[in-house]
Amino acid sequence: MNMQQDKAKSVLLNALEIGSASVRQAYLDAECAGNEALRCEVQDLLYYHDQMGVLLESSAPALAATINEPLAERPGTVIGPYKLMEQIGEGGMGLVFVAEQQEPIRRKVALKIIKPSMDTRQVIARFEAERQALALMDHPNIACVFDAGTTASGRPYFVMELVKGIAIVEYCDQQQLTARERLELFLSVCQAVQHAHGKGIIHRDLKPSNILVAPHDGVPVVKVIDFGVAKAIGQQLSDKTIYTRFTQMIGTPLYMSPSRRRSTRWTWTFAATSIVSACCCTSC
Amino acid sequence: MSEVTRILSAIDQGDPHATEQLLPLVYDELRRLAAQKLAQEKPGQTLEATALVHEAYLRLVDVSKAQEWDSRGHFFAAAAEAMRRILVDNARRKRRPKHGGDRIRLDLDAAAPIAQTPTDDLVELDEALSQLETTDAVAARLVKLRYFAGLSMPQAAEALGISLRTAERNWTYARIWLHRELSRADEAAAEPDPGP
């Protein structure tokens, strides 16, 4: 350790042993006089001392046998009141199943669960953020969350309304909608996104496959699903730290704007333009 | 006399090469012991890493011969480092997303032990600890002995050949330093907020 660090260490530890705040301050002033770098370093360490909680007070993690660990969730698996049926989706971190809810009411729902082996702290935090983002939404064009929980093996899941629809571009093509009709449908998407923005949530991964259209009483209804990479502005979506490692991609490359550092509105406009182009170009 | 005891004795006698032999041997022994015990446990049951180290000590070291704190110190230092590697290697492996297949964990080769708690924490701690090793060797050694080998403060102080008070001061310092290092790593990894 170099001299400066050595000095900082000793001043820090001596300071911590002083009970009285005023005496401590006097000590620090005396030791750090004329040495701003030392003072900063000691203050910095004192700050982290106050924050450190119970770091390392427990001992190392336990070892566990994993022979005979149950296989992953599959059709037929029962999780709480939900019985899994067919798998309908797979994302970077989760699997989506159709599930049959048994109680308190019987109905079909969509159950999204973290993939096996992805239950790291970081992924769980992001998964919970998605659930929370969806739960904050209250809009006819955004899939709603009914329930959330954790399986016996400790993996989080949440339950949403089952959207029996197809991706927006395919829908438009199948129904051979005119450009005007497509844009009207797209208006619902804008309204959904505006609602999300109003709640301080940015979707960050808008693309045709996240926008479904399902008929409700003969009328096509747009539903935005999958807030998997949603980010909250100005509020915490999850009480666990969400951070982005440089090795993980956020968003789907084809639809991300060139510069993610630009304003949200600009970024959304880029995605919107791309989605509208995708919807409309196929009709030309 | 067990191999480990022989090496500890050689270390005590000042053999410069003996220390290097200790870690790989202790590492293998710990893994073997863990596998053996885990095979006897019901699935899902856990084995405290520190309990394993202590049991290994009792099995591998002829206590009547290894009276000097030097030997104990060397054994536990090696055991702590070995346990650290076992846990961190598994944590790193567990973090990598698996592609395809239903099996949740690694296929077990002779019941390779697998750490159960948040793997991100352990990998980050390991990195921070490596940093600490370069700037304050004593503090780092203390952390390893206490956290991975489960030594009490007095035991760790003795193993390191320092006073109890010095150990306590170093422990406080190490915790502060590591907390800062971990916090900085978290901040560095966090994505910057998009502008208004």
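In what follows, the accompanying structure is described. (Residues numbered from 1 in each chain as written. Chains lettered and ligands numbered in written order. Predicted model: local features only at pLDDT ≥ 70, side-chain atom pairs only at ≥ 80, totals over all residues. Heavy atoms only, no water.)

### Focus: the overall build of chain A
The helix and strand tally for chain A stands at 7 helices and 12 strands. The long-range share in chain A, meaning contacts at least 24 apart out of those at least 6 apart in sequence, stands at 56%. Looking at chain A as shown, the accessible area adds up to about 14,300 Å², and 53% of this sits on carbon and sulfur atoms. (Helix = DSSP H or I, 4+ residues; strand = E, 2+ residues; numbered from the N terminus. Contact = heavy atoms within 4.5 Å. Areas by Shrake-Rupley, 256 points an atom, 1.4 Å probe, with all protein chains shown as cover.)

### Looking at the pattern of salt bridges
If you walk through the whole model with that rule in mind, you get 23 salt bridges over all chains. Across the pair Glu17 of chain A and Arg165 of chain B runs a salt bridge, and its minimum N-O distance is 2.9 Å. Separated into two different chains, Glu17 of chain A in the loop between helix H1 (3–16) and helix H2 (21–32) and Arg165 of chain B in helix H8 (residues 164–189) make up a pair that spans both. We classify Glu17 of chain A as partly exposed; its relative accessible area is 46%. As a salt-bridge pair, Glu36 of chain A and Arg39 of chain A come within 3.3 Å of each other at their nearest N and O atoms. Pair noted here: Glu36 of chain A and Arg39 of chain A are both in helix H3 (residues 36–51), with a separation of 3 residues, about one helical turn. One continuous salt-bridge network, built from bridges that share partners, spans Glu81, Arg84, Arg85, Asp126, Glu133 and Lys144 of chain B. (Salt bridge = Lys/Arg side-chain N within 4 Å of Asp/Glu carboxyl O. Buried < 20%, exposed > 50% of the residue type's maximum accessible area, 1.4 Å probe, protein only.)

### Quick look at the nonpolar core
Formed by 80 residues in total, the largest nonpolar core has its most connected members in Leu30, Phe75, Phe148 and Leu178 of chain B. If one sorts the elements of this core by residue count, helix H4 (residues 69–95) of chain B sits on top with 11 residues. Ile114, Ala133, Ile168 and Phe186 of chain A belong to the second largest nonpolar core, which has 32 residues in total. (Core = buried A, V, L, I, M, F, W, Y, C linked by side-chain atoms within 4.5 Å.)

### Some remarks on the side chain of Lys112 of chain A
By the secondary structure assignment, Lys112 of chain A is in strand E5 (residues 107–114). Residues within four places of Lys112 of chain A in sequence aside, it is in contact with Gly94, Leu95, Val96, Phe127, Glu130, Pro156, Tyr157, Phe158 and Asp226 of chain A.

### Looking at the sheet that holds strand E2 (residues 78–79) of chain A
What links the strands of a sheet is backbone hydrogen bonding, and the strands pair in either a parallel or an antiparallel sense. Residue and element names in this part refer to chain A. In spatial order, the strands read E2-E3-E4-E5-E7-E6; together these 6 strands make up an open sheet with antiparallel pairing. Two strands lie at the open edges of the sheet, namely E2 and strand E6 (145–150), each paired on one side alone. As paired elements, E2 and strand E3 (residues 82–90) share 2 bridges and run antiparallel to each other. By the bridge assignment for E3, Val78 is matched with Lys83. (Pairing = 2+ DSSP bridges.)

### Comments concerning unusual backbone geometry
Most peptide bonds take the trans configuration, and most residues that are not glycine carry a negative phi. All names here are of chain A. The peptide bond linking Glu103 to Pro104 adopts the cis configuration, its omega dihedral lying at 0 degrees. A positive phi is found at Gln176, a non-glycine position, where the angle reads about 50 degrees. As for its placement among the helices and strands, Gln176 is situated in the loop between helix H5 (168–174) and helix H6 (179–198). The class for Gln176 is exposed, based on a relative accessible area of 66%.

### Thoughts on the sheet that holds strand E10 (residues 211–216) of chain A
All names here are of chain A. If you trace the 3 strands from one edge of the open sheet to the other, you get E8-E10-E11, paired in antiparallel fashion. The sheet terminates laterally at strand E8 (166–167) and strand E11 (219–224), the two strands that pair on one side only. Where E8 and E10 come together, 2 bridges link them in antiparallel fashion. When the bridges of E10 are listed, Ile166 appears paired with Val213. Contacting E10 and E11, H6 crosses the sheet at an angle of about 35 degrees to E11. (Axes fitted to C-alpha atoms, helices over the stretch in contact; angles between N-to-C directions.)

Limitation: the analysis is restricted to geometry and does not speak to function.
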